[in-house]
Amino acid sequence: MGYTWQYYDLVLLGIALSITVGGAVGVLTAVPLTTAVIVACLFAAALVGHGLFVNGPVDEFADLADEVDALD
């Protein structure tokens, strides 16, 4: 049985890929490196926001009130 890709695996891959592409665009084109990386980081931040707030790691809103035993 092989590994199955999960949503958050794709989010992490998208973050790394967007910043890498931003750096490559900044180095290989006339777009300034800082501008390309900033735009890429904005896209990465949008992916993080989607992963946290749109498709969050909880099933229901009530799950946010559950106590965390690991911190005791």
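These numbers come from a predicted model, not from an experiment. (Residues numbered from 1 in each chain as written. Predicted model: local features only at pLDDT ≥ 70, side-chain atom pairs only at ≥ 80, totals over all residues. Heavy atoms only, no water.)

**Student:** Could you give an account of the side chain of Ser-18, with specific residues and numbers?
**Tutor:** Note that Ser-18 resides in helix H1 (residues 7-28). Here Ser-18 is in contact with Ala-40, Phe-43 and Ala-44, once residues within four sequence places are set aside. (Helix = DSSP H or I, 4+ residues; strand = E, 2+ residues; numbered from the N terminus. Contact = heavy atoms within 4.5 Å.)

**Student:** Now, about H1: what can you tell me, with residues and values included?
**Tutor:** The first and last C-alpha atoms of H1 sit 31 Å apart over 22 residues, in line with the 32 Å expected at 1.5 Å per residue. Listed in full, the buried residues belonging to H1 are Val-11, Gly-14, Ile-15, Ser-18, Gly-22, Gly-23 and Gly-26. Burial along H1 is one-sided: seen end-on, the buried residues are contained in an arc of 155°. Turned more than 90 degrees off the buried face of H1, the exposed positions are Leu-17, Thr-20, Val-27 and Leu-28. On its buried face, H1 sits against helix H2 (33-54). (Expected span 1.5 Å × (residues − 1). Buried < 20%, exposed > 50% of the residue type's maximum accessible area, 1.4 Å probe, protein only. Arc of directions from axis to C-beta.)

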